Amino acid sequence: MTISPDKIVIDTSLVRRLIAAQFPQWADLPVRPVRHGGWDNRTFHLGDDLTVRLPSAASYALQVEKEQRWLPRLAPHLPLPIPAPVAMGRPGEGYPWHWSVYQWRSGEIATHAPIADMTALAATLADFLAALQRADAGGGPPPGQHNFFRGGPLSVYDHETRWALEALEGRIDTDAARSVWEAALSANWTGKPVWFHGDVSSGNLLVEDGGLVTVIDFGTSGVGDPACDLSIAWTMFDGESREAFRAALPLDRGTWARGRGWTLWKALIVAAEMPGTDRLEVEKSRRVIAEVIADHLRYD
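*Asks:* Would you take a moment to explain the pairing of strand E8 (residues 205-208) for this structure?
*Replies:* If a strand is regular, its side chains alternate between the two faces of the sheet. Judged from the two bridges that link them, strand E6 (residues 108-109) and E8 form a sheet pairing that is antiparallel. The residue bridging Glu108 from the neighbouring strand is Val207, located in E8. Direction of pairing for E8 relative to strand E9 (residues 211-215): antiparallel, over a ladder of four bridges. Residue pairing in the sheet places Leu206 in a bridge with Thr214 of E9. Linking E8 to E9, which pair antiparallel, is a turn of two residues; within it Asp209 sits at a positive phi near 50°.

Shown next, in the form of structure tokens:
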């Protein structure tokens, strides 16, 4: 019998069955959900030293083999630890996609963790991203379906952005937002492809003792334009921390303009209240839009 992906229940029972069938050496280890899980994947503790990570939909399943292949190659070139694959599982037990077992990385996600010095964290993150951009990009995955075209031209999201601008008419300064978007579209990227993370957000930063210790979730990573990694400048940082982040990254004005474009696109579609959007996320997105507009007026 074929099970429709939208009927799949990803829970501890499924993880136990998959582990028992494919990795019996770990069958006796306890399985429990992580405290703060993500949207693209469901993650579970496996004993004290491992995690199991299962894509939640077909659109995220392409990321598994990419991470398995590239994360071990990138890790030696980066100043902070990143997820370390231990094994790759195959479809089974009614679950239709490949999945991963990783070493457990300690820390609390920055969304919920106390941060001792936001400016220091911003500088540490910028140093990490600069090192990532310096890593050999030869043969790396270009933008595509596997990462929702992160690292490619912003024009792929032009239709969504203009739809959101129309939907938000009268609720935000759409003329100013449109200027930000047009500036981002016109700032063509002509550099050689570099590695980027693709989803630099507070939920993918692990903090211990108030400082950044690990960057996780490289599902939307690839090689191309690194502008998509700049969104955190407006979604998490402000004032001194934003300036520290900007100063530590060797990027030109055009890249920052495209970074504002990536940030604006995401904030607009959330602020336009697409079905299922959380009210708090809508309010946060409107604040981000205002910050991006102010930054555009300051630097362009």
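Having put the structure on the table, let's press on.
*Asks:* Looking at this structure, how should I read the pairing of strand E3 (residues 50-55)?
*Replies:* The buried fraction of E3 amounts to six of the six residues, a majority that puts the element mostly inside the structure. In the sheet, strand E2 (residues 41-46) pairs with E3 via six bridges, with the strands oriented antiparallel. Residue pairing across strands places Asn41 opposite Pro55, the latter belonging to E3. Linking E2 back to E3 in an antiparallel pair, the connection comprises three residues, with Gly47 at a positive phi of about 65°. Alignment of E3 against strand E5 (residues 99-103), held across four bridges, turns out to be antiparallel. Looking across to E5, one finds that Val52 is bridged to Val101.

*Asks:* Even after reading the chapter, I still don't get the packing of aromatic side chains, so can you show me in this structure?
*Replies:* Note on aromatic pairs: each is described by the distance of the centres and the angle between the planes. Within this structure, the stated rule accounts for 11 aromatic pairs. Ring geometry for Phe23 and Trp26: centres 5.3 Å apart, planes at 35°, overall tilted. Of the aromatic side chains, those joined through ring pairs into one cluster are Trp234, Phe237, Phe245 and Trp256. Across the ring face of Trp256, the terminal group of Arg246 is positioned such that the distance to the ring centre comes to 4.5 Å. Over the face of the ring belonging to Tyr299 we find Arg246, whose NZ or CZ atom lies 3.8 Å from the ring centre.

*Asks:* Can you help me understand the side chain of Asp40 in this one?
*Replies:* Within the secondary structure layout, Asp40 lies in the loop between strand E1 (31-33) and E2. With no salt bridge to any partner, buried Asp40 finds its closest opposite charge in Arg53, at an N-O distance of 6.4 Å. Beyond its immediate stretch of four places on either side in the chain, Asp40 contacts Leu54, Pro55, Ser56 and Tyr60.

*Asks:* I keep staring at unusual backbone geometry and nothing clicks. Help me out?
*Replies:* Generally, phi is negative for residues other than glycine and the peptide bonds are trans, each holding for most cases. In this structure, Glu93 takes a positive phi of about 55° despite not being glycine. In this structure, Glu93 sits in the loop between strand E4 (85-89) and E5. Exposure remark for Glu93: the relative accessible area of 38% places this residue in the partly exposed category. A positive phi angle is found at Asp209, which is not glycine, with a value near 50°. Within the fold, Asp209 resides in the loop between E8 and E9.

*Asks:* Explain the nonpolar core to me, please; I cannot follow it from the model alone.
*Replies:* If you look at the biggest cluster of nonpolar residues, it comprises 65 residues, and the most contacted ones within it are Leu125, Leu205, Phe245 and Leu249. Beyond its immediate stretch of four places on either side in the chain, Phe245 contacts Ala122, Leu125, Ala126, Leu129, Asp229, Leu230, Ile232, Ala233, Phe237 and Trp256. In terms of nonpolar packing, the next biggest core, distinct from the first, is built from 20 residues, Leu50, Val52, Ala61 and Ala87 among them.

*Asks:* What am I meant to see in the sheet that holds E5 here?
*Replies:* The strands making up a sheet associate through backbone hydrogen bonding, with each pair oriented either parallel or antiparallel. The strand order E1-E2-E3-E5-E4 describes an open sheet built from five strands, whose pairing is antiparallel. The open sheet terminates on both sides in strands that have one partner only, identified here as E1 and E4. Neighbour-to-neighbour, the strand axes of the sheet open up by a mean angle of 25°, direction not taken into account. Contacting E2, E3, E4 and E5, helix H3 (residues 63-74) runs over the sheet at an angle of about 155° to E4.

Rules of the game
Residues numbered from 1 in each chain as written. Predicted model: local features only at pLDDT ≥ 70, side-chain atom pairs only at ≥ 80, totals over all residues. Heavy atoms only, no water. Pairing = 2+ DSSP bridges. Helix = DSSP H or I, 4+ residues; strand = E, 2+ residues; numbered from the N terminus. Buried < 20%, exposed > 50% of the residue type's maximum accessible area, 1.4 Å probe, protein only. Phe/Tyr/Trp six-rings, centres within 6.5 Å; stacked < 30°, edge-to-face > 60°. Lys NZ or Arg CZ within 6 Å of the ring centre and 35° of its normal. Lys, Arg positive; Asp, Glu negative; His and termini not counted. Salt bridge = Lys/Arg side-chain N within 4 Å of Asp/Glu carboxyl O. Contact = heavy atoms within 4.5 Å. Core = buried A, V, L, I, M, F, W, Y, C linked by side-chain atoms within 4.5 Å. Axes fitted to C-alpha atoms, helices over the stretch in contact; angles between N-to-C directions.

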